[in-house]
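# Coordinate analysis (summary)
The primary structure of each chain is shown beneath.
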Amino acid sequence: MIELSHVSKRFGEETAVDDISLRVPKGKFCALVGTSGCGKSTTLRMINRLIEHSEGDIILDGQAIEVYDPVKLRRRIGYVIQHTGLFPHWNVARNIGLVPRLLKWSAADVQGRVEELMDLLGLPVGEFAHKYPHQLSGGQAQRVGVARALAADPDILLMDEPFGALDPITREKLQDELAKIQARLHKTVVFVTHDMDEALKLADHLVVMREGRIVQQGSPLALLQQPADSFVESLLGGLERGLKQAALTRVKDHMTSMGPTLPAQSRIPADFSLRQALSMMLRDHSDRLTVVDQHDVPIGELSLRRIIKEAQLDKGSARE
Amino acid sequence: MSLLDALPTPRLRWDGRHPNTVLVSLSLIMLAAFWGLDVVSMAPNRIVQGTSYGALEALGWPGALLATLLLSFIGILAWQPSHRHYRALLAAVMTLMALMPVGLIASSYLLIDPELPQARLGLGATYWVVLFVLLLCLIEIRLRLKLTRLWPTLLLCGVALVWWLCATLWLDSLALVQEFKARDRQFLRAIGQHVTLVGAAVSISVVVGLVLAMLMRRYARLQKGAFAVLNFLQTIPSLALFGLLLAPLAWLAANVPLLGRLGVSGIGTMPALIALIAYSLLPMVRNTYIALEEVSPDTLEAAKGMGMRAGQRFWQVRLPLALPVLLEGVRITTVQAIGLTAVAALIGAGGLGTFIFQGLGQAAMDMVLLGALPILMLALVVDAGLGALAEALRPGGTR
């Protein structure tokens, strides 16, 4: 668990981070979002003591971080940065094995772990282990970056705009894989990004920062339903907000059992999002869809009228 | 998209089918030099001015024809260059270089009267021009074939071996060989002194340079001052620096007995070494400093974030990544020191410069060559060797 309470960072006269408090429970994914220069990266780097905080307390697993030796602390925390920071003179396998070697694992253990991680991140060992970073595409290099961060199996993972420099298609693919890996490994993740869609897609807990302060924090859905001010609203995409909210909701949460009427022509799997359902309705000129399970067997029905009604209900419950 | 983009692009780049104008013109230059300049000169003894001979007299018509064919061959191959033609060109250039001493052997049979044991053969302008142009050809071919420096260097070493064999076995009449035979012990000692001086100066300045560069990185204020001093040192003419060191070192040797016993004196090895180090420091420090500073901050940030200690970051990340640029500094420094050491002969430090200055004094140009050629060779070998090493240290051809 990571806990920041009343943490500030001053560089001379300037206050980069101003009295922020936030809590990331074990196994949760927290995204820090904001425009550039809002202090989100500084906040992240205070957690592994690349920057020392000026005031307040940062607590890691019940201990103030000043208690830890900074070097040993960093070896226990995975760290991924935007431009990968891979060592250009080391091949992929050696890059990934860095922290385990620093922790003096045996050579066989290091090699086993490296192969396991390359497997996890979809990098065939035979093809990639001996390549150098400059021979990799941007996406492959960042996979290696993530593998390196996970190498010593840290509980905490800090990611500083890891996918910021990638093209949209590669970025989305890596986001999906990160979500999958997180569902399996349950790391405590702090993820810095300026891309709200990325944050909405990945985070359990969303923190919006501006000029060193936290403007609003909460679950993605809560923020979408009730942005604190116009800044958060504009970050969330203004008019697009409704669709973004729909993207976070599953079809199965809004379906009803099959009605007496004839089933609708269009079919949608139950684990698709409401956003996809709405898109399908628009495409097929239909205000009703048949919901099917993974074997394409109808299990319920989704109607436009009901989606709109329940959206209002959600809004009411978020207000309470 | 503007209208300009729609215009057909003019052909600016050479593609494979266009003649390689560089090699074609180099081939023409060599042909002109071969027929227009003196190939060899012959003198009955060391003192007398020699007589010059052109291609037909020096090589006879079969030799002159063969040389002409080989030289034209380069131009013809370069007219329609392809990968295969470039390889053939490489072979032709190497063959020509290896055949050069054979040409001299031919000249010695044709021109030297066996009744005159003192007669000696001098290299004419043709040899120097053709050798120089062949080296230019080699550079061009190396770039076209995208070879690393290593292969041409190895091939050149092979050629040098051929020259050495020919010179020792069959070329007694060559003036250069005669000068060498007259003082072979002295020659070997001079090479030893030269290499020792250069080696000592460079290794000391590598260490001092590394320490200075690291101090500069820590104390920003030191940086400006140190570079100013080193820049100033570099502007003093070498002879003047030797002279400037004479008085203070002589005084030190006379007044501090310990230093005197350690070999410090106004003339000789010590002042030469000090001056060489003074000149070597600027290129060394500058390259080391830049090399260490140039390492990507992202990489170093990652190294720190991963939990590497300061020492680990320096030895495992910063230094290895700086090494190619750092070695470049060592290369420049060494080549410069090899040349400067020649001047050190003037203050009694020995080395190959001795022959140059003695030869100049006696108006014996062949003796000057005996000093100058090995200096040139040393510089070329070091240049190629360290260049190849720096290339090899870039994993997979990064940067």
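Residues numbered from 1 in each chain as written. Chains lettered and ligands numbered in written order. Predicted model: local features only at pLDDT ≥ 70, side-chain atom pairs only at ≥ 80, totals over all residues. Heavy atoms only, no water.

### Describing the overall build of chain A
Across its full length, chain A carries 14 helices and 13 strands. Across its three principal directions, the C-alpha atoms of chain A cover 70 × 50 × 35 Å. By the burial criterion, 48% of the 320 residues in chain A qualify as buried. As displayed, chain A offers around 15,500 Å² of accessible surface, 50% of which is attributable to carbon and sulfur atoms. The averaged location of the 42 negative side-chain charges in chain A is 2 Å from the averaged location of its 40 positive side-chain charges. (Helix = DSSP H or I, 4+ residues; strand = E, 2+ residues; numbered from the N terminus. Buried < 20%, exposed > 50% of the residue type's maximum accessible area, 1.4 Å probe, protein only. Areas by Shrake-Rupley, 256 points an atom, 1.4 Å probe, with all protein chains shown as cover. Lys, Arg positive; Asp, Glu negative; His and termini not counted. Charge placed at Lys NZ, Arg CZ, Asp CG, Glu CD.)

### Considerations on the domain arrangement of chain A
For chain A, the domain assignment lists domain 1 (2-244) and domain 2 (249-319). Just the C-alpha atoms count here: the centres of domain 1 of chain A and domain 2 of chain A sit 35 Å apart. (Domains from an automatic or database assignment.)

### Looking at the layout of surface pockets
Residues and elements named next belong to chain B. Reported here for the largest pocket is a volume of approximately 1,700 Å³. Lining the largest pocket are 46 residues, and of these Leu-131, Ala-160, Trp-163, Met-377 and Leu-380 sit closest to its centre. Secondary structure elements with two or more residues in the lining of the largest pocket: helix 3 (83-111), helix 4 (125-145), helix 5 (150-170), helix 6 (175-182), helix 7 (184-218) and helix 15 (365-392). Of the residues forming the lining of the largest pocket, the biggest block, eleven residues, is contributed by helix 15. For the lining of the largest pocket, a count of residues per class yields 40 nonpolar, two polar and four charged. Split by domain, the residues of the lining of the largest pocket number at least three in each of domain 1 (21-182) and domain 2 (184-397). (1 Å grid on protein atoms, 1.4 Å probe; cavity = no way out; pocket = protein on both sides within 12 Å on 5 of 7 lines; lining within 4 Å. Points joined across faces, edges and corners; volume = space filled by probe spheres on them. Nonpolar A, V, L, I, M, F, W, Y, C, P; charged D, E, K, R; others polar.)

### Some words on the confidence of the model for chain A
Chain-level statistics for chain A give a pLDDT mean of 86 and a share of 97% at 70 or above. With pLDDT under 50 throughout, residues 316-320 of chain A is counted as low confidence; its partners more than four residues away or in other chains account for three contacts. (pLDDT = per-residue confidence, 0-100. Contact = heavy atoms within 4.5 Å.)

### Brief notes about unusual backbone geometry
Positioned with a positive phi, A:Asp153 is a non-glycine residue whose angle comes to about 50 degrees. Inspection of the secondary structure puts A:Asp153 in the loop between helix 7 (138-150) and strand 7 (156-160).

### What about the pattern of salt bridges?
Inspection of the entire model under this criterion finds 19 salt bridges over all chains. A salt bridge links A:Arg76 to A:Asp61; the shortest N-O distance between them is 3.3 Å. Pair noted here: A:Arg76 is in the loop between helix 2 (70-75) and strand 6 (77-81) and A:Asp61 is in the loop between strand 4 (55-60) and strand 5 (63-64), with a separation of 15 residues, a long-range link. By relative accessible area, which is 40% here, A:Arg76 ends up partly exposed. Since its relative accessible area comes to 40%, A:Asp61 is described here as partly exposed. Between B:Arg309 and A:Asp69 there is a salt bridge whose closest N-O contact spans 3.4 Å. (Salt bridge = Lys/Arg side-chain N within 4 Å of Asp/Glu carboxyl O.)

### Looking at the interface of chain B and chain A
Each partner contributes residues to the interface: chain B has 20 residues there, and chain A has 23 residues. Both sides of the chain B and chain A interface together cover about 2,000 Å² of buried area, and 65% of this is carbon and sulfur. In this structure, the connection of chain B to chain A is made through two salt bridges. For the interface between chain B and chain A, the tally reads six residue pairs in polar contact (both at pLDDT 80 or more). If you list the elements that add at least two residues to the side of chain B that touches chain A, you get helix 12 (297-305) and helix 13 (310-344) of chain B. The element contributing the most residues to the side of chain B that touches chain A is helix 12 of chain B, with seven residues. Considering only residue class, the side of chain B that touches chain A consists of eight nonpolar, eight polar and four charged. (Buried area = accessible area lost by both parts, 1.4 Å probe. Polar contact = N/O pair within 3.5 Å; in protein donor to acceptor, adjacent residues only side chain to side chain.)

### Concerning the sheet that holds strand 1 (residues 40-43) of chain B
All names here are of chain B. Strand order in the open sheet formed by three strands is 2-1-3, with antiparallel pairing between adjacent strands. For this open sheet the edge positions go to strand 2 (51-53) and strand 3 (120-123), each flanked by a neighbour on one side alone. Averaged over all pairs of adjacent strands, the angle between strand axes in this sheet comes to 30 degrees, irrespective of strand direction. Here three bridges tie strand 1 to strand 2, and the two strands are oriented antiparallel to one another. Across the sheet, the residue bridging to Val-40 is Tyr-53, located in strand 2. (Pairing = 2+ DSSP bridges. Axes fitted to C-alpha atoms, helices over the stretch in contact; angles between N-to-C directions.)

### Some details on the sheet that holds strand 4 of chain A
Residues and elements named next belong to chain A. The strand order 2-1-4-5 describes an open sheet built from four strands, whose pairing is antiparallel. Of all strands in the sheet, those with a lone pairing partner are strand 2 (14-24) and strand 5, marking the two edges. Looking at chain direction, strand 1 (residues 2-11) and strand 4 are connected through five bridges and run antiparallel. Bridging from a neighbouring strand, Leu-4 pairs with Ile-58 of strand 4.

### A short note on the environment of A:Glu52
Residue and element names in this part refer to chain A. Here Glu-52 is to be found in the loop between helix 1 (40-47) and strand 4. Since its relative accessible area comes to 35%, Glu-52 is described here as partly exposed. Between the C-alpha atoms of Glu-52 and Arg-10, which are 42 residues apart in sequence, the distance is 9.8 Å. There is a polar contact of 3.1 Å between the side chain of Glu-52 and the side chain of Arg-49.

### Digging into the packing of helix 1 (residues 21-36) of chain B against helix 4 of chain B
Residue and element names in this part refer to chain B. The contact between helix 1 and helix 4 brings their axes to 9 Å, and the two run at 170 degrees. By the angle between their axes, helix 1 is roughly antiparallel relative to helix 4. Two secondary-structure elements touch here, helix 1 through Val-22, Leu-23, Leu-26, Ile-29, Met-30, Ala-33 and Phe-34 and helix 4 through Thr-126, Val-129, Val-130, Val-133, Leu-134, Leu-136, Cys-137, Glu-140 and Ile-141. (Parallel < 35°, antiparallel > 145°, perpendicular 65-115°, else oblique.)

### Description of the domain arrangement of chain B
All names here are of chain B. Taken domain by domain, chain B consists of domain 1 (21-182) and domain 2 (184-397). The distance between the C-alpha centroids of domain 1 and domain 2 comes to 34 Å. Taken together, the contact pairs 15 residues of domain 1 with 16 residues of domain 2. Buried area between domain 1 and domain 2, summed over both chains or domains, comes out near 1,300 Å², and the portion from carbon and sulfur atoms is 67%. When residues of domain 1 are sorted by the area they lose upon contact with domain 2, Arg-149, Leu-176 and Phe-180 head the list and together hold 44% of the total. Seen at the junction of domain 1 and domain 2, the total is zero salt bridges. Counting every contact that joins domain 1 to domain 2 gives zero residue pairs in polar contact (both at pLDDT 80 or more). At the level of secondary structure, the elements contributing two or more residues to the side of domain 1 that touches domain 2 comprise helix 4, helix 5 and helix 6. No other element matches helix 6, which puts six residues into the side of domain 1 that touches domain 2. The residue inventory of the side of domain 1 that touches domain 2, partitioned by class, reads seven nonpolar, two polar and six charged.

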